[in-house]
Protein chains: 4
Amino acid sequence: MKSVVCYGAKDLRLEEQEQPVAGPDQVLINIEAGGICGSDLHYYNHGGFGTVRIKEPMILGHEVSGRVAELGSHVDNLKIGDLVAVSPSHPCGSCRFCKEAMSNQCLDMRYYGSAMRFPHVQGAFRQRLVAGAEQCHPFKQETSSSEGAFAEPLAVALHAVKRGGSMMGRKVLVTGSGPIGALVVAVVKMHGALEVVATDVVDEPLKCAAKVGADRTINITKQARELGKYAADKGFFDVVIEASGNEQALVSALDLIRPQGRLVQLGLGGMVTIPQNLLVAKEIELCGTFRFHEEFAWAVALIGSGRLPLKALLTDVYPVTEVNQAFETANNRTTSMKVQLTFN
Amino acid sequence: MKSVVCYGAKDLRLEEQEQPVAGPDQVLINIEAGGICGSDLHYYNHGGFGTVRIKEPMILGHEVSGRVAELGSHVDNLKIGDLVAVSPSHPCGSCRFCKEAMSNQCLDMRYYGSAMRFPHVQGAFRQRLVAGAEQCHPFKQETSSSEGAFAEPLAVALHAVKRGGSMMGRKVLVTGSGPIGALVVAVVKMHGALEVVATDVVDEPLKCAAKVGADRTINITKQARELGKYAADKGFFDVVIEASGNEQALVSALDLIRPQGRLVQLGLGGMVTIPQNLLVAKEIELCGTFRFHEEFAWAVALIGSGRLPLKALLTDVYPVTEVNQAFETANNRTTSMKVQLTFN
Amino acid sequence: MKSVVCYGAKDLRLEEQEQPVAGPDQVLINIEAGGICGSDLHYYNHGGFGTVRIKEPMILGHEVSGRVAELGSHVDNLKIGDLVAVSPSHPCGSCRFCKEAMSNQCLDMRYYGSAMRFPHVQGAFRQRLVAGAEQCHPFKQETSSSEGAFAEPLAVALHAVKRGGSMMGRKVLVTGSGPIGALVVAVVKMHGALEVVATDVVDEPLKCAAKVGADRTINITKQARELGKYAADKGFFDVVIEASGNEQALVSALDLIRPQGRLVQLGLGGMVTIPQNLLVAKEIELCGTFRFHEEFAWAVALIGSGRLPLKALLTDVYPVTEVNQAFETANNRTTSMKVQLTFN
Amino acid sequence: MKSVVCYGAKDLRLEEQEQPVAGPDQVLINIEAGGICGSDLHYYNHGGFGTVRIKEPMILGHEVSGRVAELGSHVDNLKIGDLVAVSPSHPCGSCRFCKEAMSNQCLDMRYYGSAMRFPHVQGAFRQRLVAGAEQCHPFKQETSSSEGAFAEPLAVALHAVKRGGSMMGRKVLVTGSGPIGALVVAVVKMHGALEVVATDVVDEPLKCAAKVGADRTINITKQARELGKYAADKGFFDVVIEASGNEQALVSALDLIRPQGRLVQLGLGGMVTIPQNLLVAKEIELCGTFRFHEEFAWAVALIGSGRLPLKALLTDVYPVTEVNQAFETANNRTTSMKVQLTFN
């Protein structure tokens, strides 16, 4: 069985590993497709982010779909051959947040391909994966494995949009139109937002955002003045979803959002400096969003329904044998949105 | 008629002015009590704050109570002799926020004793005031004019607490225990918070916070470690109300608040630098609060009910003839909470 | 100018009336299209409903669109030739509900074509209508007058769905698939409901419901057992919108909705008998919905966007000269959904 | 060990039973106090209610406090001698509602002293009780066992009030002032309701309601007209909590509640007939409330804080040897509110 192992910055190796065996509550999955995420790229490019660093070889990857190959003896919710999306999230089930149905805040979370804990939690870019049966969500409608591998980022986008409140009749700004930002655009639009504006500093992602639902796109390096017009009369947008992690995008959003508007911070940055008085005087709600909880099952149902234009977001597919090329391609924002690997 | 006029930093004059006359929808009020607010102190100490500067002589004051002396011909909701609290807020009534019942966000607000517009809006520290009948809220129960003059800061506190959501069963941290912070403590406790912790950098305000409802007070210059214990397991407090405007108080609150907790920023500061990833990962809601809307009438009803320990917050009363002494006293946080003037 | 005047049950007359003149804040509209609503049919069939009876001749109609023909001297938000939807709602603007931005609960409402007050408020089925400029909402995109006349029922549907809370990921049951129920289905689906089931006692409306977004339709006279399956495990639906006014539909919905689900009662009935213990034990929220407030402007924007399949709901169009035939057609649920009149 | 066993209507026996033994995750409690609840009275008076009937001898009781006498080997959250309130609720922990943190809706609930399942779940009116360690909530402050036995009904009241939304500044009507209604009054008031009106058909409970926080009490058999005045201008109360289960109380509440007000149905009745159009036109939210979830721990903390006037609600205490007399006394609404048994 081949796995994609990261040893540090720019040191990604395709390694042969022993095939795992499913326990009674687990299943063995033949992984078919895996999407490369921003955090995978951080490990690949920099060996980590912030204080989270790779300290031992770690299999990357947490956006995968595959087919059930073997069932543990207690498993009754799946059958051999099912196409499933595998949730990378394995909460403890017993901490106070798990008991409050907020498992994304679990105090003892295990998440595929994450170096936050040590030993690291190994990821899912491998040909065979053993996972808990309850982590595996079968598609009920005909679905391709490449669409199936969108379940995790779609769950992240759904959670972020849900944190923004109802989209009914809302005017929404999405800042940052990379793979997650564009998914957010699609989700916002399919939930009834009246007007969706997407921004970026690069043209190519904006074209994609337009395809998946943005009513207007603005390249802020060229059209800052256009964007600024939305600041009139204390601001235009009911909701902003900040998907870039860029400080300036956040600061600008405080001008563009209307009083008591909801600004969802999805992108991760570092220390940011903001004008507190603007937030106070306009009574803006700036709220974080992190991963997902029940949204994974919902994402699987939505993907099955075919109501989201996911294919417009998939720009490249590489066999796992060309994993380094795949990561380099994913690094290039002017040519790539989501890049996936195939495993078998 | 005497008025308290500010000409600039440390230049406060008691001036004789002509008595105003009430129009048909207005009343003439004999002002009895007026509380000195933090913004009054800013004008007095610095001639303004941020970009808001005194550019012409301005009567200060916006926390006043008095008795109705004359009624305009159309006024039918008041009678001569009524003790009223006068709302300093005069929204336009026709902008989109006024139409949405969010008049505190009015695009053309007039607010007593504010240099935000030019000509400035003259304030209410004067012996006679003409106000719109609908700005005047009569007390239905026996109330002293000094309690009555708490209506405006209490409305601010009520709005801030309301922005924090229901207090039922909540663990609440109030950072900054000055006059507004202490009012917030009192309001939080009387709405059922299970546990209220108040902080400050000075001991005296904390004693006051304890009197009005704090279950525990922490002087963060001496007991930072004690406060830090609340950061365990991703944070203890359901709600934080940040009433100091201090950057460090806000940054610290992000550690102490629980995931998805609500952090209400009430204190005004300038640019603040915060760890974005903490807000994101804990999905904190940081929201501003500004002035009040329907809370003024509510404050008047609450004051009338006698359920709030307002007297514990009133540390000094001066006749208006000693206004400079009153402002100097109000400047001293180790001896004063709320300082009021009397006018007649 | 011709008007459609109701004198009582089955006594509808096309009368010549004098053309009205616009005041300074008003406009004269050449009415183009008008939809026949359930309440119009009640007046036509029965001379009223409940205690609301026609006591003097009354022009019917409140779902109209038309073109601006003359502008009052103060009007600056419209221009000659604009296609507008005219809101039939004229709230007083000064009662407590108007001040709270809940004008649909206005204590002194005037609503076109309603016999609730006496003298009755005359309706909008006439060739020329004078209306307040702020009642007239121009379409910004190319729109037909027949689509434009859907603004009022669409506003009703939007308000009802909004009362149901966010539709994101929801499983929704709509009981009663007449013109309003079918609009609700369309609105629910375009705001992201995951699964929409529509019921009726007649097949034809269900076909229409399927066209506009229902994932499944159930004729409860034939497939009651199928519907009953949704009651398993305390109920399947997160939200129910009851659009029939039928007691049995409501009682059944209490079985089919999940604990703490939200049941929006939109259809008007009379006295209904419900099992209180079921509502209590499942903690169901049964809430009413009535008319609309800000949803009218929103409806106009949505119609302009072309995102709703309104044409599927329009089954017949008659010139106003055939108004009696039009009403008879609208009475027949097996052949008609929305029936409209044209006026010029 | 003595237990209070119900064999059917008016057949209550004090029986000697074998002392139970605690398993590893359980504790043995010496029960000290137990409150008689309305459902206990139903079993005693009628052998059940509705379709729920006693089909085998069942120990009654679910409102108890006691002291920890023995600890199972795995128990580490309690110590010998702790005064604890024992939650009667034992949800399955694995159904969809338990996973959503809505355990009061558990599909496989076991609740002390309930004949809903067969075999019945035996109750807690016994001298020794073995309970799961997580069902036992120790009091952190000095508390009497009689106050401790209020934890369960207080949790019910807290859940009901929470279902009503924030009480901040609200005008609240509580219909039915029996033990639960009066607890609701106390809870509503301590969470900041501005005005609380309580009703009943008997004077004595109203006196108690006044003691624990009602600003006004109305005996509806004598003062119906007084109550009716609150119906003016579409209704006065923001929130109604209906604690009587009486149809007329509910119907009347629909008149007295303001538009979009929240009416929490807590009392259990049977089939009720309501004017649907009133609920629709006023957009009332009628919602059920059932038992509690996290409110039990909250109730224990509140009791410990001494902020609720519980003693005013305790009218009689009997030793368990006089259990029949205790039940007869509890049956008399003109003399009794809460009646408790003592066990050791």
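Residues numbered from 1 in each chain as written. Chains lettered and ligands numbered in written order. Predicted model: local features only at pLDDT ≥ 70, side-chain atom pairs only at ≥ 80, totals over all residues. Heavy atoms only, no water.

1. Side note on the interface of chain A and chain B
If you look at the interface, chain A gives 44 residues, while chain B gives 44 residues. For the pair chain A and chain B, the summed buried surface comes to about 3800 Å²; carbon and sulfur atoms form 49% of the total. Looking only at chain A, the three residues that lose the most surface to chain B are A:Gln276, A:Val280 and A:Glu283, adding up to 17% of its buried area. The interface formed by chain A and chain B holds six salt bridges in total. The tally of links between chain A and chain B comes to 36 residue pairs in polar contact (both at pLDDT 80 or more). Looking at the side of chain A that touches chain B residue by residue, the classes come out as 19 nonpolar, 15 polar and 10 charged. (Contact = heavy atoms within 4.5 Å. Buried area = accessible area lost by both parts, 1.4 Å probe. Salt bridge = Lys/Arg side-chain N within 4 Å of Asp/Glu carboxyl O. Polar contact = N/O pair within 3.5 Å; in protein donor to acceptor, adjacent residues only side chain to side chain. Nonpolar A, V, L, I, M, F, W, Y, C, P; charged D, E, K, R; others polar.)

2. Side note on the relation of the copies chain A and chain B
Rotating chain A by 180° and moving it 0.0 Å along the rotation axis overlays it on chain B with an RMSD of 0.0 Å. With respect to symmetry, the two chain copies, as superposed, fit the operation of a two-fold axis. Within chain A, the C-alpha atom positioned nearest to the axis of rotation is that of A:Thr273, 2.0 Å from it. A share of 100% of interface residues in chain A that are also interface residues in chain B marks the association as one of identical surfaces. (Least-squares fit on C-alpha atoms with pLDDT ≥ 70 in both.)

3. Observations concerning the packing of aromatic side chains
Counted according to the given criterion, the structure contains 32 aromatic pairs over all chains. These aromatic residues form a ring-pair network of at least three members: A:Tyr111, A:Phe292 and A:Phe296. Directly above the ring of C:Tyr111 sits C:Arg291, whose terminal nitrogen or CZ lies 3.8 Å from the centroid. (Phe/Tyr/Trp six-rings, centres within 6.5 Å; stacked < 30°, edge-to-face > 60°. Lys NZ or Arg CZ within 6 Å of the ring centre and 35° of its normal.)

4. Notes on the environment of D:Thr321
Residues and elements named next belong to chain D. Tracing the chain through its elements places Thr 321 in the loop between strand 20 (314–319) and helix 11 (323–330). Look at Thr 321 and you get exposed, because its relative accessible area is 56%. C-alpha separation for the pair Thr 321 and Phe 343, spaced 22 residues apart in sequence, amounts to 8.4 Å. (Helix = DSSP H or I, 4+ residues; strand = E, 2+ residues; numbered from the N terminus. Buried < 20%, exposed > 50% of the residue type's maximum accessible area, 1.4 Å probe, protein only.)

5. Let's talk about the packing of helix 1 (residues 38–46) of chain D against helix 11 of chain D
All names here are of chain D. Here helix 1 crosses helix 11 at 110°, and the two axes come no closer than 10 Å. Relative to helix 11, the element helix 1 is oriented roughly perpendicular. Of helix 11, the residues touching helix 1 (which contributes Asp 40, Leu 41 and Tyr 44) are Asn 324, Phe 327, Glu 328 and Ala 330. Split into classes, the residues belonging to the contact of helix 1 with helix 11 amount to four nonpolar, one polar and two charged. (Axes fitted to C-alpha atoms, helices over the stretch in contact; angles between N-to-C directions. Parallel < 35°, antiparallel > 145°, perpendicular 65-115°, else oblique.)

6. Description of the sheet that holds strand 13 (residues 171–175) of chain C
The strand order 15(C)-14(C)-13(C)-16(C)-17(C)-19(C)-19(D)-17(D)-16(D)-13(D)-14(D)-15(D) describes an open sheet built from 12 strands, whose pairing is mixed. Since the sheet does not close on itself, it has two edges, and those belong to strand 15 (216–219) of chain C together with strand 15 (216–219) of chain D, each with one partner. On average, each strand axis in the sheet is inclined to that of its neighbour by 15°, with strand direction left out of account. Inspection of the sheet shows strand 13 of chain C paired to strand 14 (residues 195–200) of chain C by five bridges, in the parallel sense. Bridge pairing in strand 14 of chain C links C:Val172 to C:Val196. (Pairing = 2+ DSSP bridges.)

7. Remarks on the confidence of the model for chain A
Within chain A, residue pLDDT values average 97, and 100% of them lie at 70 or more. Per the prediction output, this complex has pTM 0.97; the corresponding ipTM is 0.97. (pLDDT = per-residue confidence, 0-100.)

8. Comments concerning the environment of C:Ser244
All names here are of chain C. Along the chain, the position of Ser 244 falls in the loop between strand 16 (237–242) and helix 8 (247–256). Residues Ser 244 and Ser 177 lie 67 residues apart in sequence; the distance between their C-alpha atoms is 7.7 Å. Within polar-contact distance, the side chain of Ser 244 engages the side chain of Glu 242 at 2.5 Å.

9. Thoughts on unusual backbone geometry
What is expected of a backbone is that most residues other than glycine have negative phi and most peptide bonds are trans. For the bond from B:Phe118 to B:Pro119, the omega torsion is -5°, close enough to zero to count as cis. Structurally, B:Pro119 is set in the loop between strand 10 (110–111) and strand 11 (128–132). Positive phi outside glycine occurs at B:Lys234, with the angle close to 75°. Take B:Lys234: its relative accessible area is 27%, and that puts it in the partly exposed class. Even without being glycine, D:Asp233 reaches a positive phi, approximately 50°. Along the chain, D:Asp233 turns up in the loop between helix 7 (224–228) and strand 16 (237–242). Overall, D:Asp233 belongs to the exposed group, its relative accessible area being 51%.

10. Some remarks on the sheet that holds strand 6 (residues 58–59) of chain A
All names here are of chain A. Taking strand neighbours across the sheet as the criterion, the three strands line up as 2-1-6 in an open arrangement whose pairing is antiparallel. On the outer flanks of this sheet lie strand 2 (11–16) and strand 6, each paired with one strand and no other. Alignment of strand 1 (residues 2–8) against strand 2, held across six bridges, turns out to be antiparallel. The residue of strand 2 that forms the bridge with Ser 3 is Glu 15.

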